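Spelled out from the first residue to the last, the chains are:
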Amino acid sequence: MNNFIEDVEEIYNFIKKNTDVEEKIHFIETYKQKSNMKKEISFSEEYYKQKIMNGKNGVVYTPPEMAAFMVKNLINVNDVIENPFIKVVDPSCGSGNLICKCFLYLNQIFIKNIEVINSKNNLNLKLKDISYHIVHNNLFGFDVDETAIKVLKIDLFLISNQFSEKNFQVKDFLVENIDRKFDVFIGNPPYIGHKSVDSSYSYILRKIYGSIYRDKGDISYCFFQKSLKCLKEGGKLVFVTSRYFCESCSGKELRKFLIENTSIYKIIDFYGIRPFKRVGIDPMIIFLVRTKNCNNNIEIIRPNKSEKEEKYKFLDSLFLDKSEKCKKFSIPQKSINSDGWVFVDEVEKNIMDKIEAKSEFILKDICHSYQGIITGCDRAFIVDRDTINSRKIELRLIKPWVKSSHIRKNEVIKGEKFIIYSNLIQNEIECPNAIKYIRQYKKSLWKEENVKKERESGMSFNGGENRKFSKKRKLYSHTNHVTIDLLLIREAILVQIYIP
Ligand SMILES: C[S@@+](CC[C@H](N)C(=O)[O-])C[C@H]1O[C@@H](n2cnc3c(N)ncnc32)[C@H](O)[C@@H]1O
């Protein structure tokens, strides 16, 4: 990885120089040949490959087909004809997967409509000027990752033969001052939950974005708020983000903010289908306009079913315009409120209304829902039978470890793992073996910011530890928490867990 970063640095410094374009291209091609990098591979692809190889598995970048889909559905020909100086920005542009697609798309629009653009705007753009015009006047980006920004500039140079130093800046979009407004935002903002954000950074974000970023909020919420602040009235935004905020308690203020300040015109709800490789995120793509008028309809596009087999059919029909294998319908924006967004068509809505009318109570009237146990260090607390026996861990502390993957329709399958329920330890002398076992991981336990802050001994875990609740009857749904709604209550089953 270090070598790659040094190479990027060298190439970047070369293309920054005021030399001939041909010479710069030759320099890059020679580099690719020498390092066995395929000609058609972008530096961005190589950068992410290297990041993943270096163990950064959660790295998400926008796949090319999705990037092209977002651009095409966001900017239309008229936007460019009306305003050839349209300012498009990616607030967390990384190595430019979205920006490069924007360039290719705008380039086509300019080439095909050059005459009308010139006559309408009193311009005299020539075909040969278009690339320069787009790179210097239309595209902008920010990111905290300095290498990613350099990679973006190299890839953009390769497709445009243009180089802009100042339009793509190493900046923390959320914290630093952004001194201009933009016509269009396009992004795949980082999705980082409260547990993974450094406490001092979280404190700063709460100070700036306290109205929407609190409790279990995600930093992507702040990207919505700051982007809308920097978006011109009537400007458009598209983000691919996690759909979690649509239903979560922590997303309530963001939902309210979006309903009150924007007109949402299209939502792609992947509905359990996961288009990002190696990343456990349920995404959505949301398109909106900054305006307070919300008398619009939202077009919802969803797979027919949330099953895995639907994945490729849905993605092909969405991104490659192959035969339609998706469900499309519209709902009035006025029909959604900050309590939670559920996107259902007329038929589903009628069924839900009937169930609701006939129900004497709803889920929250009959049960509480809590987050499960977060150990902070599974290696320290989760054990198998052999470990329990060989380490003679005190049996009164041992409880079954039930994960959501163990929950099936009509049953909870028995896992092979158990948790050392250390919160039951009242007196350390009574449970020496358990303590000895957990203590091996003391270093890792202390590294966990949450555990460190909240647990003095570093020997216990967060969440779900309240025995009052773990002894109660539980309502499990075999569907994942994202899709639980009134319709699914029928499919949920009551299971009594017997804690030995
Ligand atoms: C999911 S990646 C998206 C990258 C790129 N837009 C794409 O679609 O492939 C998120 C990016 O956000 C950047 N990032 C994280 N925090 C940021 C911040 N506060 N300001 C700007 N960029 C940030 C990361 O460095 C990363 O490149």
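Residues numbered from 1 in each chain as written. Predicted model: local features only at pLDDT ≥ 70, side-chain atom pairs only at ≥ 80, totals over all residues.

### Topic: the overall build of the protein chain
Thought 1: Scanning the protein chain from N- to C-terminus turns up 20 helices and 16 strands.
Thought 2: Residues classed as buried in the protein chain amount to 33% of the 500 residues present.
Thought 3: Counting contacts in the protein chain only where the partners sit at least 6 residues apart, residues at least 24 apart contribute 73% of the total. (Helix = DSSP H or I, 4+ residues; strand = E, 2+ residues; numbered from the N terminus. Buried ≥ 20, exposed ≤ 12 C-beta atoms within 10 Å, placed from the backbone. Contact = placed C-beta atoms within 7 Å.)

### Considering the environment of valine 289
Thought 1: Topologically, valine 289 is positioned in strand E7 (residues 283–290).
Thought 2: Here the alpha-carbon distance between valine 289 and glycine 235, two residues 54 residues apart in the chain, equals 5.6 Å.
Thought 3: Every residue in contact with valine 289, bar those within four places of it in the chain, is listed here: Gly234, Lys236, Thr262, Ser263 and Tyr265.

### Concerning helix H11 (residues 252–261)
Thought 1: Looking only at H11, the buried set comprises Glu253, Leu254, Arg255 and Leu258.
Thought 2: Buried residues along H11 sit in contact with helix H10 (219–229), strand E6 (262–269) and E7.

### Digging into the site of the ligand
Thought 1: Close contacts around the ligand come from 20 residues, with Tyr61, Thr62, Ser92, Gly94 and Asn97 the closest.
Thought 2: Secondary structure elements with two or more residues in the shell around the ligand: helix H6 (97–121) and strand E2 (139–143).
Thought 3: Grouping the constituent residues of the shell around the ligand by class yields ten nonpolar, six polar and four charged. (Near = placed C-beta within 6 Å. Nonpolar A, V, L, I, M, F, W, Y, C, P; charged D, E, K, R; others polar.)

### Notes on the confidence of the model for the protein chain
Thought 1: When the pLDDT values of the protein chain are averaged, the result is 85; 86% of them are 70 or greater.
Thought 2: Here residues 449–458 scores under 50 on pLDDT; set against residues more than four positions off or in separate chains, the count is 14 contacts.
Thought 3: Every residue in residues 479–500 scores below 50 in pLDDT, and together they form 40 contacts with partners more than four places removed in sequence or on other chains. (pLDDT = per-residue confidence, 0-100.)

### A look at helix H12 (residues 310–319)
Thought 1: Taken residue by residue, H12 has Phe314, Leu315 and Leu318 as its buried positions. Buried residues of H12, viewed axially, fall in a sector of 95°; they line one side.
Thought 2: In this structure, the buried side of H12 is in contact with helix H4 (64–72), E6, strand E8 (297–303) and strand E9 (326–332).
Thought 3: Positioned one or two residues after H12, aspartate 321 has a phi angle of 55°, which is positive. (Arc of directions from axis to C-beta.)

### Focus: the nonpolar core
Thought 1: Within the largest apolar cluster, 90 residues are counted, with the highest numbers of intra-cluster contacts made by Met70, Val88, Ile99, Cys102, Ile186, Val238 and Ile286.
Thought 2: Looking at which element gives the most residues to this core, the answer is H6, with ten residues.
Thought 3: Look past the residues within four positions of isoleucine 99 in its chain and what remains in contact with it is Asp90, Cys93, Leu139, Gly141, Leu152 and Leu156.
Thought 4: Within the second largest apolar cluster, 17 residues are counted, among which are Val383, Ile393, Val402 and Leu445. (Core = buried A, V, L, I, M, F, W, Y, C linked by C-beta atoms within 7 Å.)

### Here's the deal with the sheet that holds strand E4 (residues 182–187)
Thought 1: Read from one edge to the other, the open sheet built from nine strands follows the order E3-E2-E1-E4-E5-E7-E6-E8-E9, with strand pairing classed as mixed. Two strands lie at the open edges of the sheet, namely strand E3 (168–170) and E9, each paired on one side alone. In this sheet, neighbouring strand axes are inclined to one another by 15° on average, regardless of whether the strands run parallel or antiparallel.
Thought 2: Inspection of the sheet shows E6 paired to E7 by seven bridges, in the antiparallel sense. What sits directly across from isoleucine 267, in E7, is isoleucine 286. (Pairing = 2+ DSSP bridges. Axes fitted to C-alpha atoms, helices over the stretch in contact; angles between N-to-C directions.)

### Some thoughts on the pairing of strand E5 (residues 231–242)
Thought 1: The buried fraction of E5 amounts to nine of the twelve residues, a majority that puts the element mostly inside the structure.
Thought 2: Pairing of E4 with E5 involves five bridges; the strand directions are parallel. What sits directly across from phenylalanine 182, in E5, is leucine 231.
Thought 3: In the sheet, E5 pairs with E7 via seven bridges, with the strands oriented antiparallel. Across the sheet, lysine 236 pairs through a bridge with valine 289, a residue of E7.

### Quick look at unusual backbone geometry
Thought 1: A positive phi angle, close to 55°, is found at asparagine 36, a residue other than glycine.
Thought 2: Secondary-structure assignment places asparagine 36 in the loop between helix H2 (21–34) and helix H3 (43–53).
Thought 3: Even without being glycine, asparagine 161 reaches a positive phi, approximately 60°.

### Re the packing of H4 against H6
Packed helices, taken two at a time, are described by their axes: the angle between them and the distance between them.
Thought 1: For the pair H4 and H6, interaxial distance at closest approach is 9 Å and the crossing angle is 55°. Taken together, the axis directions place H4 and H6 in an arrangement best described as oblique. Regarding H4 and H6, the two cross each other, and that crossing is right-handed. In this structure, H4 contributes Pro64, Ala67, Ala68, Met70, Val71 and Lys72 to the contact, and H6 contributes Asn97, Leu98, Lys101, Cys102 and Tyr105.
Thought 2: Classifying every residue of the contact of H4 with H6 gives eight nonpolar, one polar and two charged. (Parallel < 35°, antiparallel > 145°, perpendicular 65-115°, else oblique. Left-handed = near helix turned anticlockwise from the far one by under 90°.)

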